[in-house]
Amino acid sequence: MYQNTLRSIKVALLSATLCGLAASAAADNFPAPDMGKFLATGGVKQLEGAGGGGITPWALITGYGSEDSYGINAHITQVGTQDYRLKTYGVAVGFADKLEMSLSKQEFSGSLAPLDQLNIQQDIVGIKLKLTGDAVFDQDKLLPQIAVGVMLKRNNGIAGLGALGVSNVRQLGASNDTGVDYYVSATKLYLDQSLLLSATLRLTKANQMGILGFGGDKSNHYQAMFEGSAAYLIHRKLVAGVEYRMKPRNLGIDNEKDFSDIFLAYFPNKNFSVTAAYANLGDITIFNPKNQRGWYLSLQVGN
């Protein structure tokens, strides 16, 4: 059922893209994105492809299209720790500053024995819908911008552990290789103070975002996890901030820890941004039992 849903969403996204291209070819006056939103208000891309910070989504809709337009962007992100590498890349579209849809792929690899040949890939389809509020224009209101979202995830198996006879996350104790995260985000922007605050509550079974599957021998039920961000606008093109993300602990082989980071994002214009961060990802499996820390770099292009 999940795979059929994932396939249907991919087909819908592809159809929408092809329809857009056909319409633009058929009409010379097909409108380009109006780029009507303020610089940086689309956020960057978090590790699962949603618009937000580096490790947690925000209620903001990706891209710079206003409520009368759309925005589209592509990103590539890499995180490197002592023993592992995580690369994420994908595309996202924001419609009418109301709806966000994204497609992303994660590639996780090891660099230290016994996991130096490890390679795990995961596909993620994301949908986010703004419910109420406006982070920019509701400066005189206490209500933040609020959005709900889902992330449909499919783990594509494990490569590089053939000698151990392991090719699927279920063999590591995971209950499933597919899963869905549900979340609600609230984001408040204080323009006078150059400050953004965001909080997310996520219902998830994912182990290490799904890289090690979903559910496990210790727990196989949805748990509510808190995620938070605080960002300060140093000047209109440069943003600094911190993030924190709680994680479940479902697997006996993975003493999973919460994520955190300190980031700096630069927006030279509305077509390009670069984000650098120092991330703390905690333990990742008992095979390399050490606190994994390292650098995060993300590039985003679009309009």
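Fair warning: this is a prediction, and the values are worked out from it, not measured in the lab.

Visitor: Account for the pairing of strand S10 (residues 223-235), naming residues and giving values.
Guide: Of the strand pairs in this sheet, strand S9 (residues 195-204) and S10 are connected by 10 bridges, and their pairing is antiparallel. Its bridge partner being in S10, Arg202 is matched across the sheet by Met225.

Visitor: Please provide a residue-by-residue account of the environment of Leu201, values included.
Guide: One can find Leu201 in strand S9. By relative accessible area, Leu201 is classed as partly exposed at 44%. Sequence-wise, Leu201 and Phe226 are 25 residues apart; in three dimensions their C-alpha atoms are separated by 4.9 Å. Not counting residues within four places of it along the chain, the set of residues in contact with Leu201 comprises Tyr182, Tyr183, Val184, Ala224, Met225 and Phe226.

Visitor: So what about the sheet that holds S10? Which residues, and what values?
Guide: In space, the 12 strands of this closed barrel follow the order S3-S4-S5-S6-S7-S8-S9-S10-S11-S12-S13-S14, with antiparallel pairing throughout. Across the sheet, the mean angle separating the axes of adjacent strands is 20 degrees when strand polarity is ignored.

Visitor: Go over the packing of aromatic side chains with me, naming the residues and quoting the values.
Guide: By the definition in use, this model includes 4 aromatic pairs. Residues Phe38 and Phe137 carry aromatic rings whose centres are separated by 6.3 Å and whose planes lie at 55 degrees to one another, so their mutual orientation is tilted. Taken together, the residues span a long stretch of sequence, with Phe38 in the loop between helix H1 (2-26) and strand S1 (44-45) and Phe137 in the loop between strand S6 (119-132) and strand S7 (145-159) at a distance of 99 residues. Residue Phe137 is classed as exposed on the basis of its relative accessible area, which comes to 63%. Relative to Trp295, the ring of Tyr278 lies with its centre 5.2 Å away and its plane at 65 degrees, an arrangement referred to as edge-to-face. Of this pair, Tyr278 sits in strand S13 (residues 272-282) while Trp295 sits in strand S14 (residues 292-302), and the two are 17 residues apart along the sequence. Given the relative accessible area of 38%, Tyr278 is considered partly exposed. A cation sits over an aromatic face here: Lys188 above Tyr190, 6.0 Å from the ring centre.

Visitor: Please set out the confidence of the model for the chain residue by residue, giving values where relevant.
Guide: Mean pLDDT over the chain works out to 90, with 90% of the residues at or above the 70 mark. This model gives residues 8-27 a pLDDT under 50, and the stretch forms 13 contacts once residues within four places in sequence are excluded.

Visitor: Describe unusual backbone geometry, with residues and values.
Guide: Its identity is not glycine, yet Ala40 carries a phi of approximately 80 degrees, on the positive side. Looking at the secondary structure, you find Ala40 in the loop between H1 and S1. With relative accessibility at 15%, the residue Ala40 sits in the buried group. The phi torsion at Met209 lies on the positive side, around 65 degrees, for a residue other than glycine. With respect to the element layout, Met209 can be found in the loop between S9 and S10.

Visitor: Talk me through a nonpolar patch on the surface; I want residue IDs and the actual numbers.
Guide: A surface patch of nonpolar side chains, amounting to about 390 Å² of accessible area, comprises Ile76, Phe272, Leu297, Leu299 and Val301. Per-element tally for the nonpolar patch: the top contributor is S14, with 3 residues. Relative to the helices and strands, Val301 resides in strand S14. Here Val301 falls in the partly exposed class, since its relative accessible area comes to 42%.

Rules behind the numbers
- Residues numbered from 1 in each chain as written.
- Predicted model: local features only at pLDDT ≥ 70, side-chain atom pairs only at ≥ 80, totals over all residues.
- Heavy atoms only, no water.
- Pairing = 2+ DSSP bridges.
- Helix = DSSP H or I, 4+ residues; strand = E, 2+ residues; numbered from the N terminus.
- Buried < 20%, exposed > 50% of the residue type's maximum accessible area, 1.4 Å probe, protein only.
- Contact = heavy atoms within 4.5 Å.
- Axes fitted to C-alpha atoms, helices over the stretch in contact; angles between N-to-C directions.
- Phe/Tyr/Trp six-rings, centres within 6.5 Å; stacked < 30°, edge-to-face > 60°.
- Lys NZ or Arg CZ within 6 Å of the ring centre and 35° of its normal.
- pLDDT = per-residue confidence, 0-100.
- Patch = residues over 30% accessible without salt bridge, like charges linked within 9 Å, V, L, I, M, F, W, Y side chains within 5 Å.
- Areas by Shrake-Rupley, 256 points an atom, 1.4 Å probe, with all protein chains shown as cover.
- Salt bridge = Lys/Arg side-chain N within 4 Å of Asp/Glu carboxyl O.

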